[in-house]
Amino acid sequence: MKQIILIAIIAGIAAVLPLVTGESPYFTGVMISVLMMAALSSAWNILGGYAGQYSFGHAAYFGAGAYTTMILITQFNLNPLLSMAAGIIIACLIALITGSIVFRLRGHYFGLASIAVAEIVRLSALNFEFTGGAQGILLSEVSLWGLDLNSKNPFYYGMLLVLVVTLGITLYLRTSKTGFYLQAIREDQDAAASLGINLSFYKNKALLISASLTSLLGSLYAVYIRFIDTSAVLDLRLSIEIILTAIIGGVGTLWGPVLGAVLLVPLAEVLRSNVIGDALVKQGLVSETSGLGIFLKENLAHAHVLVYGIITVVCILYLPKGILGLFRRVK
Amino acid sequence: MKNKFVSIVAAALVALPLLAHAAPIKIGFINSITGKEAQIGENLTNGAAMALEEMKAKGIQVELIKEDDGGDPKNALAAYEKLVTRDGVIGVVGPYTSSSANVVASRSDQYQVPLLVPAAAKEDITMKGYKNVFRLNAPANVYSSVLMTAVASYKPKTIAYVYAATDFGVSTVKTAQENAAKMGLKEVANEKYQQGQPDYRPSLAKVKAANPDLVFLVSYDADAILLMRQAKEIGLTPKAFLGAGAGYTTAQFAQQTEISNLVISATQWTDDVNWPGAADFARRYKAKYSKEPSYHAACAYEAMIIMIETASKSNSAAKLRAGLKAGSWNGIMGPVKFADYNGFTNQNNHPMLVQQIISGKYETVFPAQFSKKKLVYPFTR
Amino acid sequence: MFFLQSLLSGILTGGVYALAGIGMSLVFGVMNISNFAHGDLMMLGMYLAYFAFTLLHIDPYLSLLLIIPTAFLFGFILEKVFIHRIINHLHQNQILLTIGLGLIMSNTALLAFTSDPKILTTSYSSSAVHILGGISLSVPLLLSFVITCGIIGILFIFLSKTTTGLALWATSQNREAAQLMGINVAKMSAIAFGLGTSLAATAGALIAPTYYIHPMVGHTFLLKAFTICVLGGLGSVVGAGVGGVVIGVVESMSSTYLSSDWKDVVVFIIFLAVLLLRPQGLFGKKGEQ
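This structure is a prediction, so every number in the text was calculated from the model and none was measured.

A. Representation of the overall build of chain C. Of the regular secondary structure elements, chain C holds 11 helices and four strands. Compactness check: chain C gives a C-alpha radius of gyration of 18 Å against a globular reference of 19 Å for 289 residues, within 12% of the reference. For chain C, restricting intrachain contacts to residue pairs at least 6 apart in sequence, the fraction spanning at least 24 positions comes to 76%. Put simply, chain C shows about 10,500 Å² of open surface, and 72% of that area lies on carbon and sulfur atoms.

B. Looking closely at the interface of chain B and chain A. Contacts between the two partners involve 41 residues from chain B, matched on the other side by 34 residues from chain A. Here chain B and chain A share an interface that buries about 3,300 Å² over both sides, 56% of which is from carbon and sulfur atoms. At the surface where chain B touches chain A, the tally comes to two salt bridges. For Arg272(A), the salt bridge goes to Glu67(B), with nearest N and O atoms at 2.9 Å.

C. Just the domain arrangement of chain B, in detail. All names here are of chain B. The assigned domain composition of chain B is domain 1 (2-138 + 275-348) and domain 2 (141-267 + 353-370). Between domain 1 and domain 2, the C-alpha centre-to-centre distance is 30 Å. Each side of the interface is counted separately: domain 1 has 10 residues, and domain 2 has 16 residues. Summing the contributions of domain 1 and of domain 2, the shared interface buries around 1,100 Å²; its carbon and sulfur component is 58%.

D. Representation of the sheet that holds strand β10 (residues 264-267) of chain B in the model. All names here are of chain B. Sheet architecture is open: seven strands sit in the order β7-β6-β8-β9-β10-β14-β15, paired in mixed fashion. Pairing within the sheet leaves two strands with one partner each, and these edge strands are β7 (186-193) and β15 (361-366). Ignoring which end each strand starts from, the neighbouring axes of this sheet average 25° apart. As paired elements, β10 and strand β14 (residues 353-358) share four bridges and run antiparallel to each other.

E. Region of interest: the pattern of salt bridges. Scanning the entire structure with this criterion turns up 26 salt bridges over all chains. Here Lys291(B) ties to Asp116(C) by a salt bridge, and the two come within 3.5 Å at their closest N and O atoms. With Lys291(B) in the loop between α11 (278-289) and α12 (295-312) and Asp116(C) in the loop between α4 (91-113) and β1 (118-119), the pair connects residues from two separate chains. On the accessibility criterion, Lys291(B) (26% relative accessible area) is partly exposed.

F. Representation of α11(B) in the model. Residue and element names in this part refer to chain B. For α11, built from 12 residues, the straight-helix expectation of 16 Å at 1.5 Å per residue is met to within 8% by its first-to-last C-alpha distance of 16 Å. Of all the positions in α11, only Ala 278, Phe 281, Ala 282 and Tyr 285 are classed as buried. For α11, the angular spread of buried residues about the axis comes to 100°, placing them on one side. Among the exposed residues of α11, those oriented more than 90 degrees off its buried face are Arg 283 and Ala 287. Looking at the buried residues of α11, the elements they touch are α2 (38-57) and α12. Two residues or fewer after α11 comes Ser 290, characterised by a positive phi angle close to 40°.

G. Highlighting the interface of chain C and chain A. Residue-level contacts link 41 residues of chain C with 36 residues of chain A. Taken together, the two surfaces of chain C and chain A that pack against each other cover about 3,600 Å², and 81% of this comes from carbon and sulfur. Connecting chain C to chain A are zero salt bridges. For the interface between chain C and chain A, the tally reads one residue pair in polar contact (both at pLDDT 80 or more). Broken down by secondary-structure element, the contributors of at least two residues to the side of chain C that touches chain A are α4, α9 (218-232) and α11 (263-277) of chain C. Looking at the side of chain C that touches chain A element by element, the count peaks at 16 residues for α4(C). Taken together, the residues of the side of chain C that touches chain A break down into 27 nonpolar, 11 polar and three charged.

H. Geometry of the packing of helix α2 (residues 38-54) of chain C against helix α3 (residues 64-81) of chain C. All names here are of chain C. Taken N-terminus to C-terminus, the directions of α2 and α3 make an angle of 145°; their axes are 11 Å apart at the nearest point. Handedness of the crossing formed by α2 with α3: right-handed. Touching Leu 41, Leu 44, Gly 45, Leu 48 and Ala 49 of α2 are Ile 67, Phe 74 and Leu 78, all from α3. Looking at the contact of α2 with α3, its residues break down into seven nonpolar, one polar and no charged.

I. Expanded view of the nonpolar core. Core analysis: the biggest nonpolar cluster contains 338 residues, and Phe216(B) and Trp269(B) have the highest contact counts within it. Filtering out sequence-adjacent residues up to four positions away, Trp269(B) remains in contact with Trp275(B), Ala278(B), Phe281(B), Ala282(B), Pro293(B), Ser294(B), Tyr295(B), Ala298(B), Ile332(B), Met333(B) and Leu353(B).

J. Examining the packing of helix α11 (residues 236-249) of chain A against α4(C) more closely. Where α11(A) meets α4(C), the axes come as close as 12 Å, and the angle between the chain directions of the two elements is 110°. Taken together, α11(A) and α4(C) sit at an angle that is classed as roughly perpendicular. Crossing handedness for the pair α11(A) and α4(C): left-handed. Residues Ile240(A), Ile243(A), Leu244(A) and Ile247(A) of α11(A) touch α4(C), and the partners they reach there are Leu96(C), Ile99(C) and Leu103(C). Here the residues of the contact of α11(A) with α4(C) sort into seven nonpolar, no polar and no charged.

K. Examining α3(C) more closely. All names here are of chain C. Given a rise of 1.5 Å per residue, 18 residues ought to cover 26 Å, and the 25 Å separating the end C-alpha atoms of α3 matches this to within 8%. Leu 64, Ile 67, Ala 71, Gly 75, Leu 78 and Glu 79 are the residues of α3 that are buried. Around the axis of α3, the buried residues are gathered within 95° of arc, so they sit on the same side. Of the exposed residues in α3, those oriented more than 90 degrees away from the buried face are Leu 65 and Leu 73.

L. The environment of Gly134(C), seen in detail. Residues and elements named next belong to chain C. Its location among the elements puts Gly 134 in the loop between β2 (128-131) and β3 (135-138). Note on Gly 134: relative accessible area 31%, which makes it partly exposed. With 91 residues separating them along the chain, Gly 134 and Met 43 place their C-alpha atoms 34 Å apart. Non-local contacts of Gly 134, meaning those with residues more than four positions away in its chain, are made with Met 1 and Gln 5.

Definitions and limits used
- Residues numbered from 1 in each chain as written.
- Chains lettered and ligands numbered in written order.
- Predicted model: local features only at pLDDT ≥ 70, side-chain atom pairs only at ≥ 80, totals over all residues.
- Heavy atoms only, no water.
- Helix = DSSP H or I, 4+ residues; strand = E, 2+ residues; numbered from the N terminus.
- Rg over C-alpha atoms; globule rule 2.2 N^0.38 Å.
- Contact = heavy atoms within 4.5 Å.
- Areas by Shrake-Rupley, 256 points an atom, 1.4 Å probe, with all protein chains shown as cover.
- Buried area = accessible area lost by both parts, 1.4 Å probe.
- Salt bridge = Lys/Arg side-chain N within 4 Å of Asp/Glu carboxyl O.
- Domains from an automatic or database assignment.
- Pairing = 2+ DSSP bridges.
- Axes fitted to C-alpha atoms, helices over the stretch in contact; angles between N-to-C directions.
- Buried < 20%, exposed > 50% of the residue type's maximum accessible area, 1.4 Å probe, protein only.
- Expected span 1.5 Å × (residues − 1).
- Arc of directions from axis to C-beta.
- Polar contact = N/O pair within 3.5 Å; in protein donor to acceptor, adjacent residues only side chain to side chain.
- Nonpolar A, V, L, I, M, F, W, Y, C, P; charged D, E, K, R; others polar.
- Left-handed = near helix turned anticlockwise from the far one by under 90°.
- Core = buried A, V, L, I, M, F, W, Y, C linked by side-chain atoms within 4.5 Å.
- Parallel < 35°, antiparallel > 145°, perpendicular 65-115°, else oblique.

Below, the structure is given as structure tokens:
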């Protein structure tokens, strides 16, 4: 109950945020990225965190949603909402096929197989003609009920809605029978099986929920950016970023993935746009022409992934419960 | 933290109109400093930096705000929106990659801040009628048309395609196929490959067996060297190797004289073209960065010069757009004019050049009015 | 003709893949860890070979004498500082730690060496020998293949004849039992990781003269190395050797008879098929997962 209220409060704050900040496309844009990564990572967490099945190929479901939606809108002029629903169906189909292969495997093999499936999906999208191949798909115009889809607000609230739904489902799963079974599977698959839990059924259930939510986010992303190609929506880097966000925030907890996204996405943006380097130079703390100044201005942006790597190593070695674990000693 | 950030944004927005007159005019530059295209991005960074320095020396003060998109369209959009709404720039140069440029271009009319695309090749970018999008370089279809026109007089009969499975690779070959059909060239092999493979020999062996007169190649940086090494290894010897930009136009490729000799390539710019300042630019660039400028560097340099010159005469985005639309320039990229033609809007009808590597050096060989040397045909080892 | 050309160039390319696969398989066998930093360790080997060639003017093949011990030491230290802490952790944490280490290596290389690809051009970089009237074999690839065979031979003797080798082998068979027998398994892990690293670096150095060197190049070889390992049976050195050659030939054949843009898909399908139908791999023993 406490968690429901917390979700409601945070969602409420997030919902009025654009009204407070006024029309600021840049800020809203960054917030959309935060909400998207929070939701992606939370959706992954249902399968990875609670059921302990670390999928390294979630980009496949994101891409399935994005591609299905874009193809249906550009080629068949379908309503965006219907296209999103179709995206979920395609993602679930891919998930069922993936599940039938990877859930037979454990440990190392599970992770490796999930990468292989996702790579097959990526290469197929790259090689087929109907997916736009290497050229990707550009969407010039899209409309829905007279909403201004050039504005960021529909997508901000769309992402927020999916995040709230994802958190709600996670919360429900935690206290339901399915949730207990999933956690039993995570702790010890053999013991869970001997208790009569249908491993494959519950793993697939978690995967389908996770894949559907991920696909929905992929569809939203595609209509938001209005351009997709394989490197934007199907890349292995995306799958890994989703996992790292959950791990760094706190895997297997309700708020861990959200915290991870809230910290990491703005951090990446700060490094990308070089705010720190510029600020130091502007304040006169570092001379623009000095070695350090040049390094800060020219090279710090390169460091974004390096920082991810360092945080990951530190988290795995010293913070197994993620950054959330710092605040809550007891789960 | 969040509140502070919000208040900074708010303050910036409020302060903008006040600052507009006091501070120098601001221009944005979106480039791929990190990510897959970072290597080409560096050339653009250098070219742009030289232009900025030169303008400063002339007493034209502008503030350049650099943004990295990592080759990711989502980041490019964030960068553009930051530049436009938070930094208050009146014009933006970039982005480099076609996908990023496409996405940013589609939003530019919404924000009414002109975008000058220096080197992205995808046709779409200037074909959608966007009023605020200008492009300096020639689009993808010109790469193939200029190459084929250059060799047309030798009456080749067959052609084979070997190209990377990327946007540029696929787009360029599509237009090449159309141009080839017009010339009556017969397609005898079509090998699309995934980048970064260690072994292209099987594909090249197929091409060799088809015995084409022309081999049309689209590859990035080091892949070009790998492909040509393996082509030599298996003894693929057509009448001409035609490289469409990118990997076949780098100094690194030319230096591999054993494999690069007599390779013909299409480029936006060469250092021996008779456009004003081209040779001088190459000399200064080499002195500063101790390497040869690529055509990307030249495109970024000229785009930045045009942007800064025009922006310094305008104090608003609207005036800048009018200035870009009305102006004409004649610098290291030859005559520049943003015109509407053949379905393009605000597209500079840039004449591309054909160059040939002769003993490790690029020589312009086509069109005749820009070149000092003559094309060597057929290719020999 | 096509067939032979394709087969031979596949086998030669596969030789280098094999070496990358063996290193990974060894680490997996002894430590039971999937090393996602393996590709980045290969990348470091490539840079070592490149700098040995450009700064010290040492032939890339000769520079192996330098690279093998350097990489061994680097791997040994890496294990002592990071990897040994997670040896009994969940698989996913091991994977994520090695992913993190890989990201640190590749992005540090990016800062240090920029994203300009480096080309190692030797006098024989694009030379070939022609046999059977028309089939051409790349000279550097041939050399690499011969060296690979030599290294595999030495490794095989080391593992089956020396005390350390046998201790490594025992640890890979059963870690607990080995410990009870008085084998210092912690030391064996460090040695295994050192060996794995030097094999990865060697593979990198061997491929450097026929490839290019770039901070992000590890990714390309990482997935191949995994496929090879799984094909040969995770932990099996001989299996990985054969697996490498098989993958090289499959790639080559798919480019020749199918299409070069689908060849990776073929490799991944084989990978999944092996996981499902014969999870112990071609040479692994049953129940070894």
